[in-house]
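This is what each chain is made of:
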Amino acid sequence: MSRLKYNHKRSNYLLMFVLLAFSLLFAAGAARATGEAALENPQTAEVTAAAAAPAEPDIEAPAELKIDYNGSPEQIKTLCEHVLKARALASKDLEETEARALVMDSLAQLPIEKLTLAQVYVHAVALGEKRFDMSHNYFNPKRSNVLIAGILLLSFIGYFTYHARQGKDMFIRKIAGLSAIDEAVGRATEMGKPVLFVPGIYDMDDIQTIAGVSILGHVAKKTAEYETNLLVPCTRSLVMSTSQEVVREAYLKAGRIDSFKAENIRYLTDDQFGYVAGVDGIMMREKPAANFYLGVFFAESLILAETGHHVGAIQIAGTAMVHQIPFFVAACDYTLIGEELFAASAYLTREPMQLGTLKGQDVGKFLIIIVIVLGIVLETCGITFFSNWFITH
Amino acid sequence: MPLFALGFNFRPVFEAGGGVSTEGIGIWIAAILTLGIYSFLYKDNFFYKFSEYLFVGVSAGYTLVLTFHKYLKPSLIEPLQEYSRDFYHIITGASVPIVNPWMLSWQTHLVGNQFGSQFSFIFWFAVKVFLFYIFPAILGLMMISRVFPNAAWLSRFPLATIVGYGSGIMIVTTLHASVLEQIKASFVSFAPLFHMKGVDWSIIAQSANDFLLVLGLCCAIIYFYFSAEHKGVILGPASNFGIWVLMITFGASFGYTVMARISLLIGRFQFLLGDWMQLVK
Amino acid sequence: MALFNGFLIVFFIVLFAALIFVGQTLRTSQFLRRKLPLAFCFFMGVIIIFQFFIPPENPLYKEIEDLSTKWIQIISSFALVIGLISLVTMNFNKISRKYEDWQYAVVLLLGFFVTTFYGLRDGFEGKEFDFIFNYMYVPMQSTMFSILAFFVASAAFRAFRARSREATLLLTAAVIVMLGRVELGSVLWSYIPFIGNYFDVSDLAQWINKVFTTAGQRAILLGASLGYIAASFKILLGIERSYFGSEE
Amino acid sequence: MKAFFTIINNLDRRIIFLAMVVAVIWPLVTPLALPVQITPNTQSSYDVIEKLNPGDRIILSFDYDPASSPELQPMAKAVMTHCYRKDVKMIAVALWPQGPMMAKKAFESLAGEAEFSGKKYGVDFVNLGVQPSYVAVVKGMGDSIPGVFPTDFFGSKTTDFAIMKGIKNYRDVAAIFSLTTGSAGIGTYVTIANAQYKTTVTGGCTAISSLEYYPYLQSKQLSGLVEGLKGASEYERLVKKPGLATAGMDVQAVVHMMLIFFILLANLSQAIAGKQK
């Protein structure tokens, strides 16, 4: 019965499920705390009670609605428009059909004789507030499309990651920018000049920075092997301390921990242009032979890349910031465009799990193309439910 | 300054009625620093180094001030000060106005001596203070523990928290704001082409543009395909066309941005020529 | 007031000392070193994803948003200290060991300490801080930003050469859009024989923008989004943990 | 010849930088007034003021701060010049806290010019300052302008000024011209002053936010819109007084042309002198 034995390799999954349960508990606790806050505070309780009593008068009908209702479709249409724009319903993000249902229902509930549009409006808005009150729900049905799309994409990625664990070999096409890393570090070694790595200007909570830092590990491994100086100026403390850890690890693995210099991985300033001024200065004085710009970049992209080119460095850039890629393409020798930056980790480590996620991404792309073609066909045939499903709230 | 000889009328440092004008000095300092940074374009030199180091220092100081006043003070220090002061006043029974309404309710409970709900209140109050202030402060202190090499591993907890926050937010917001929105925007309709009466060139042109857009989009997506060589009947030409579309995109974005960049330069020269040299009105 | 500040300071110092003690004692625990941080990461990510699907009317939505942003703010404020310590010690070393350019390190530290002193003392309204901000920080910032205009020119001169088919497309698109952005370009365009009379260059630039730029940027965005999602997924599940550095 | 192109091919980038500096300074110091096509939006905005009679009064709303002043300050000066020449009186108000400072600067810089030395504060121009909560301000002015602004920016009583004689609310002013950045401004005036009081509303805005106001232009609630620096340069052209906006647009044109010239030159020299190393 060895198959029933507890698999210790899976213990982190178990841990995660325990934590998932804990996180739900935590959420419930926080909800309780908020609820208690309103209950336990006598002052607030009084205030809310006073505000709750006259519920309807605070809905104010627009001036142009103070006319008699005559049942014409135009009037119902204007009513719907106004209900959609009502301040009380603004956060609820209603759709046209829902607004129409509100208006029709309030017409049915109100006595028809001597009705003004304003009365219908007030009633419909009050009805809407009650009907679409989701303050006790834990799931927002308007976002179910995000949930379904997310589950779909993540299941693809998860499936291929799982498959990759079985040891299936996976092909990955050549990415020029990543293949050039070794060459660039090698050249710097030959010339006896340092290597400069810029991990972008965002903090560790951005995925691009993390992708950049994981490439830094690879670069550091190379510089450790070749005994070349590696300079990493950072804009964020967290990025600095993470980079120090990553580089130290790489030097440790290469058995060259004595040539690791923590002071080469330094913090300059959180300010975007102050940082650029500092890095430009470092470039002019240290004259690196290989520059890496991997992470999040804004306007500084071109300032860095042009200065780097001026000092004669081989430059490899990578970012997913759509507006900065053109500048890197123009001024750098190799550029990782958008997704290629995220593929780097898999490409460099060749770990089966990482390659699996790449395969999952590719299937996702294929799916996107199919969905677009399908959507165009349906749209051309005049069927709108498919494209409506993609509307985000 | 040889420029004085040419009849340039610089911004005076001294006021007309005597005395030093702060604005005048400020403008002179700003102008010198501006020229110092521009001198980098010629070559690295004393003025640039001075401006650069000063800039790094001042902006690091500014970051610290900003972080302290905008983040640390309102979200940690001030609430904790209020809580601890109110707590102290209630315990000692001082007749001082209580800042936080939470504490106020505690006071009423103490006076009313309703034991059951008092316990529940204290419990949830402690949970809230812990979750909102103490726990993140502990995480922050764990970050600082990096200073001691033996305890440096503690900094993994705050790092993991931040990375987890970023990853979680990234999954949902990109799905929400990028994937679904962009797919929706690509659903162009060719219906007008089929309902066209006679030959209407504007509709044909519109449809042709739409077709080109979708074709370019799909081919450019195919360029990013990783798990297959870009060869063969479909993948080869498609990824090639995708590269062309990307290249045109890059060229056009480059050309488009030039205007905004030059506006910045104009702004600086207006300062130099106008505010400082008083040449442009 | 001073009493409570003192109480808080003592509290935090005791807390910090306790943390260091715990950290040194438990430093060999593999569970604490490796598994628990990953679990933290997963926990935080799940909370944020969960929050996204709660209706905004539910008070919990606001509560979790508030809580998570506060956490991030507080952690990154503390983290800043590490960076500043690194900056200050490095420059002190530079001065004390008389490294090359040590004089400028004095300028840096002076700028840092003076700004910090006035900023912490008076807040944003202080006269001295205002002076530093308006006549040093802002001008240097916008000057650094405006240097871009020069680099746009030199990059265009160097990179926009018809070396290959791709480079030709790049440069043609750039030139057409640049022509289309200013009136003078349209005027010059109208002198080109044959083409010049049929359509305006600004229309051509707009067409490129509407068709190709939209397609290209959308493709990059969609691809990058998939990359984001996959990378976040890897990070949350602990498949990608190179950012933790050493595994020992 | 080939030698010359080899030099061009490997041109020192500092020469390009120098050319940039010249291309920026030259039009700034002496505006060239290069051709500018007047767009219909600017023209109709100009026409609103052009059609006024001497002695009419307009509200000029300064709804921006120093960050947007490169685009909107030249626009403000051009509009004020136009009003001065037509002898239209201006009541300056502001919905943004720093707006009155911008109004003061614009008034002072025009007062320094010989052409307008006869114009007096309180007779041809008044700066009423700013009041908080912009929606309430715009609504309140429909009821009573001196009620919302009891004193001017410098603290004098509003009703004492000659320009304010007989002014009660929107019905007594000929038009509203709002210089807008962000949410307060044109949108507020259109939805309140135009929709409820039928006052003509026109204005100018930064280039980025101009798309926001196109629906109002289509529904004719907004009569004309001066868009960004380009719109400002068109307005300067219309009042025949080239200033900073014209200079700025000249710089843009010159630099764009220069860049294209450099790109063509680089390609030519590469074709003749061979590949750059």
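Parameters at a glance
- Residues numbered from 1 in each chain as written.
- Chains lettered and ligands numbered in written order.
- Predicted model: local features only at pLDDT ≥ 70, side-chain atom pairs only at ≥ 80, totals over all residues.
- Heavy atoms only, no water.
- Contact = heavy atoms within 4.5 Å.
- Buried area = accessible area lost by both parts, 1.4 Å probe.
- Salt bridge = Lys/Arg side-chain N within 4 Å of Asp/Glu carboxyl O.
- Helix = DSSP H or I, 4+ residues; strand = E, 2+ residues; numbered from the N terminus.
- Nonpolar A, V, L, I, M, F, W, Y, C, P; charged D, E, K, R; others polar.
- UniProt positions renumbered as here; feature names shortened; annotations may be inferred.
- Expected span 1.5 Å × (residues − 1).
- Bend = angle between axes of the 7 residues up to and from the residue.
- Domains from an automatic or database assignment.
- Buried < 20%, exposed > 50% of the residue type's maximum accessible area, 1.4 Å probe, protein only.
- Axes fitted to C-alpha atoms, helices over the stretch in contact; angles between N-to-C directions.
- Parallel < 35°, antiparallel > 145°, perpendicular 65-115°, else oblique.
- Left-handed = near helix turned anticlockwise from the far one by under 90°.
- Pairing = 2+ DSSP bridges.
- Right-handed = clockwise from strand over helix to strand, strands pointing away.
- Core = buried A, V, L, I, M, F, W, Y, C linked by side-chain atoms within 4.5 Å.

Engineer: Explanation requested: the interface of chain C and chain B in the structure shown.
Structural biologist: Bring the parts together and some accessible area is lost; that lost area is often taken as the interface size. At the junction of the two partners, chain C supplies 122 residues and chain B supplies 123 residues. In terms of surface lost to chain B, no three residues of chain C exceed C:Tyr104, C:Met140 and C:Arg218, which account for 6% of the buried area on that side. Here C:Asp101 ties to B:Lys49 by a salt bridge, and the two come within 3.4 Å at their closest N and O atoms. Of all the secondary structure elements, the ones that give two or more residues to the side of chain C that touches chain B are α1 (2-25), α2 (30-52), α3 (59-96), α4 (102-122), α5 (127-159), α6 (165-181) and α9 (201-237) of chain C. In terms of residue class, the side of chain C that touches chain B is made up of 84 nonpolar, 25 polar and 13 charged.

Engineer: Please explain the UniProt feature "transmembrane region" (unreviewed entry) in chain D as it appears in this structure.
Structural biologist: The UniProt entry lists residues 15-34 and 253-273 of chain D under the feature "transmembrane region" (unreviewed entry), expressed in the numbering used here. Helix makes up 75% of residues 15-34 of chain D and strand 0%, and the two end C-alpha atoms of the span are 25 Å apart.

Engineer: Is there a simple way to explain helix α7 (residues 176-191) of chain A in this structure?
Structural biologist: Residues spaced three or four apart along an α-helix face the same direction, because each turn holds 3.6 residues. Residue and element names in this part refer to chain A. For α7, which comprises 16 residues, the first-to-last C-alpha distance of 22 Å matches the rise-based estimate of 22 Å (1.5 Å per residue) to within 8%. In α7, a bend of some 30 degrees at Asp182 exceeds every other bend along the element. For α7, the elements touching its buried residues are β1 (195-198), α8 (207-226), β4 (290-294), β5 (314-319), β6 (334-337) and α13 (339-349). In the segment just after α7, Gly192 is the residue with positive phi, at about 70 degrees.

Engineer: In this structure, what is going on with the domain arrangement of chain D? I would like to understand it.
Structural biologist: Split by domain assignment, chain D resolves into domain 1 (2-29 + 252-273) and domain 2 (40-241). The straight-line distance from the C-alpha centre of domain 1 of chain D to that of domain 2 of chain D is 43 Å.

Engineer: When you look at the pattern of salt bridges in this model, what are you seeing that I'm missing?
Structural biologist: A pair can form between side chains of opposite charge whenever their charged atoms are brought close. Residues and elements named next belong to chain D. Counted according to the given criterion, the structure contains 28 salt bridges over all chains. One salt bridge connects Arg85 with Glu115, and the closest N-O pair in it is separated by 2.7 Å. Taken together, the positions of Arg85 in helix α4 (residues 69-86) and Glu115 in the loop between α5 (99-111) and β3 (125-130) put the pair 30 residues apart, joining distant regions of the chain. On the basis of relative accessible area, Glu115 is assigned to the partly exposed category, the value being 47%. Glu113 is the partner of Lys241 in a salt bridge, and the nearest nitrogen-oxygen pair spans 3.3 Å. In this pair, Lys241 sits in the loop between α10 (228-238) and α11 (244-273) while Glu113 sits in the loop between α5 and β3, placing the two residues 128 residues apart along the sequence. On the accessibility criterion, Lys241 (22% relative accessible area) is partly exposed. By relative accessible area, Glu113 is classed as partly exposed at 28%. One salt-bridge network, held together by shared partners, links Asp87, Lys89, Lys119 and Asp124.

Engineer: How should the packing of helix α9 (residues 235-276) of chain B against helix α2 (residues 13-29) of chain D be read in this particular structure?
Structural biologist: Relative placement of two packed helices is described by the angle separating their axes and the distance separating the axes. Running from N to C, α9(B) and α2(D) point in directions that differ by 60 degrees, and their axes come no closer than 11 Å. Judged by the angle between their axes, α9(B) and α2(D) are oblique. Helix-helix and strand crossings are classified by hand; for α9(B) and α2(D) the assignment is right-handed. Across from B:Leu265, B:Ile266, B:Phe269, B:Gln270 and B:Leu273 in α9(B), the residues of α2(D) making contact are D:Met20, D:Val21, D:Val24, D:Ile25, D:Leu28 and D:Val29.

Engineer: Would you mind going over the pairing of strand β2 (residues 230-234) of chain A with me for this structure?
Structural biologist: A regular strand places its side chains on the two faces of the sheet in alternate fashion. Residue and element names in this part refer to chain A. Across the 5 residues of β2, 5 count as buried, placing the element largely inside the fold. Neither face of β2 is exposed, since Leu230, Val232 and Cys234 on one face and Leu231 and Pro233 on the opposite face are all buried. Relative to β2, β1 is paired through 2 bridges, and the arrangement is parallel. Of the residues in β2, the one forming a bridge with Leu196 is Leu231. Regarding topology, α8 serves as the crossover connection from β1 to the parallel β2, and that connection is right-handed. Pairing geometry for β2 and strand β3 (residues 265-267), over 3 bridges, is parallel. In the strand pairing of β3, Pro233 is matched with Arg266.

Engineer: I keep staring at the nonpolar core and nothing clicks. Help me out?
Structural biologist: One recurring pattern in soluble globular proteins: nonpolar side chains tend to sit buried together. One finds A:Phe292 and D:Phe62 to be the most contacted residues of the largest nonpolar core, which totals 331 residues. Examining the composition of this core, we find that 19 residues originate from one element, α9(C), more than from any other. Leaving out residues up to four positions away in the same chain, A:Phe292 has contacts with A:Ile181, A:Ala184, A:Val185, A:Val195, A:Leu196, A:Phe197, A:Val198, A:Val219 and A:Ile316.

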